[in-house]
Structures are given as C-alpha cells and as structure tokens.
Amino acid sequence: MTTATERLAELGITLPSVAAPAGSYVPARRTGNLVYTAGQVPFVDGKIAATGKVGDTVTAEEAAGLARICALNALAAVDALVGIDAVTGVVKVVGFVASAEGFTGQPGVINGASDVLAEIFGEAGKHARSAVGVAELPLGVPVEVELIVEVEPG
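In every chain, residue numbers begin from 1 and rise along the written sequence. Predicted model: local features are reported for residues with pLDDT of at least 70 only, side-chain atom pairs are reported and counted for 80 or more only, and whole-chain, interface and lining totals are derived from all residues. For side-chain calculations, the full set of non-hydrogen atoms in the structure is used, while hydrogens and water are omitted.

### Some thoughts on the overall build of the protein chain
Consideration 1: A run of H or I in DSSP becomes a helix once it reaches four residues, and a run of E becomes a strand once it reaches two; helices and strands are each numbered from the N terminus. Counting secondary structure elements, the protein chain contains 3 helices and 7 strands.
Consideration 2: Ordered by position in the sequence, the α and β elements of the protein chain form the string α-β-β-β-β-α-β-α-β-β.
Consideration 3: What the globule rule says is 2.2 Å times the number of residues to the power 0.38, and the radius of gyration is computed from C-alpha atoms. On C-alpha atoms alone, the protein chain measures out to a radius of gyration of 15 Å, which is about the 15 Å that the 2.2 N^0.38 rule sets for 154 residues.
Consideration 4: Remark: exposure states derive from per-residue accessible area (1.4 Å probe, protein chains only) relative to the maximum for the residue type, with buried under 20%, exposed over 50%, and partly exposed in between. Split into buried and exposed, the 154 residues of the protein chain put 40% on the buried side.
Consideration 5: To measure how exposed things are, a 1.4 Å probe is used in the Shrake-Rupley method; for residues, cover is taken only from the protein chains shown. A total accessible area of about 7600 Å² is found for the protein chain, and carbon and sulfur atoms account for 52% of it.
Consideration 6: Positive charges come from Lys and Arg alone, negative charges from Asp and Glu alone, with His and the N- and C-terminal ends not counted. Charge coordinates come from a single atom per side chain, which is NZ of Lys, CZ of Arg, CG of Asp or CD of Glu. Charged side chains in the protein chain number 9 positive and 17 negative. The centres of these two groups are separated by 4 Å.

### Points about the pattern of salt bridges
Any two side chains of opposite charge can pair if their charged atoms end up close together.
Consideration 1: The salt bridge criterion pairs a side-chain nitrogen of Lys or Arg with a carboxyl oxygen of Asp or Glu, the two atoms within 4 Å. One pass over the structure, following the stated rule, counts 4 salt bridges.
Consideration 2: A salt bridge links Arg68 to Glu119; the nearest nitrogen and oxygen atoms lie 3.2 Å apart. Here the residue Arg68 occupies a position in helix H2 (residues 60-82), and Glu119 occupies one in helix H3 (residues 106-121), the gap between them amounting to 51 residues.
Consideration 3: Salt-bridge contacts for Lys126 lead to Glu123; the nearest nitrogen and oxygen are separated by 3.0 Å. Each member of the pair Lys126 and Glu123 is classed as exposed.

Written out as structure tokens, the structure is:
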C-alpha cells in the first residue's frame, strides 16, 4: 500500500511549512483519533496568494486553485502534529468562499480542496463537506479551508 508521503512524491507535491498562527490558536489539535485544523488561507511562501471576492475580482477557477493551496496548508499542519502517514481518512472539509453578491458556485470552488485530497488519499480522501459563501474572510483572502482527519491510534 502506498503511503501518503509516497503519493505526494508521485504527484510532485511538497507540503509547505506550517503558517504561524495569526492569533490565539494552534494550527492543528488532536483529540482521540481525530485531528482538527484551524482554518487555512492561501499562503504561499509566507505571502497571501490572492485577495478579493469570488465572482468579482477572482474567478471560480482561480479560487478552486486557492482552495487546493488551503487544503495543502491544512495537511501541512496535520503533518507537523502527527505525521502525514498517520492519516487514515479525511472526515470533513469545511470551505469558506468570500463571495461577490449573486455568486453561488461555492461547491465548485471547494472542489479544489476536495480533489487534491482525493488525489493524495484515494478512497480514504472521500469526505463530508460544507461549502459556505461569506461576505469577508481574514486578510481579504477569497478562500479558507479547514479539515477534520482521522489518524491512527496512538
């Protein structure tokens, strides 16, 4: 069976460094066999990749790419806490999309996160999900993603 580390290598994906918390929280926390991540925004090399609202200055396709980045940032937080190979499944994805008035394509945007999780974990990457449109997100980003993953006992 291929490990998550091996699958990431096959896909040419390197998990980023964990972003320092911007407030009074931790990037990820384990309780029992679950790890919950804080909401992750599209940081790339320590900088925000984009700002704006989806359906206005950011296209749905661009936002889906940003959601992918957010998911990888969340996986980096999981990796730092328990190791990526400890993940046995993705339980839930919650995605927030800063939406222009009238934009209703939030599920398509959050597919960017869901798709990369399926690429990495296969069947174990299938998850429950919420895709929510919001007026504003921290730092003016268009997308924020949080994960709940199941991990090996221990």
